[in-house]
Amino acid sequence: MSSLARPRHNRVIAGVCAGIARRFGLTPWTVRAIFLASCLLPGPQFLIYLALWLVLPQEP
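Residues numbered from 1 in each chain as written. Predicted model: local features only at pLDDT ≥ 70, side-chain atom pairs only at ≥ 80, totals over all residues. Heavy atoms only, no water.

Visitor: Give me the side chain of S38: which residues, what numbers.
Guide: Tracing the chain through its elements places S38 in helix α2 (residues 28–38). Relative accessible area serves as the criterion here: at 18%, S38 is assigned to the buried category. A polar atom in the side chain of S38 sits 2.7 Å from the backbone oxygen of F35. (Helix = DSSP H or I, 4+ residues; strand = E, 2+ residues; numbered from the N terminus. Buried < 20%, exposed > 50% of the residue type's maximum accessible area, 1.4 Å probe, protein only. Polar contact = N/O pair within 3.5 Å; in protein donor to acceptor, adjacent residues only side chain to side chain.)

Right under this line is the structure:
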């Protein structure tokens, strides 16, 4: 498994979903679909996404 980082390529907004997908061996669109489906539930999903955008390093 690779380390958790935002890729420079194959990203839509910030690369958070693409980085998570690469880390766990999933496709980026699967993680994006899971994230969008989770937004229908109550909770801080959007705030977690923003925090990961700020915290996760970008790939070199």
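The discussion continues.
Visitor: Give a description of the nonpolar core that names residues and reports values.
Guide: Formed by A14, V16, C17, A21, V31, Y49 and L56, the largest nonpolar core amounts to seven residues. Ranked by the residues each element gives to this core, the list is headed by helix α1 (residues 16–24), at three residues. Residue contacts for A21: discarding those within four places in its chain leaves L26, T27, P28 and V31. (Core = buried A, V, L, I, M, F, W, Y, C linked by side-chain atoms within 4.5 Å. Contact = heavy atoms within 4.5 Å.)

Visitor: Outline the UniProt feature "transmembrane region" (unreviewed entry) in the protein, supporting the account with residue identities and numerical values.
Guide: Look at the UniProt record and you will see "transmembrane region" (unreviewed entry) annotated at residues 33–56. Helix makes up 71% of residues 33–56 and strand 0%, and the two end C-alpha atoms of the span are 20 Å apart. (UniProt positions renumbered as here; feature names shortened; annotations may be inferred.)

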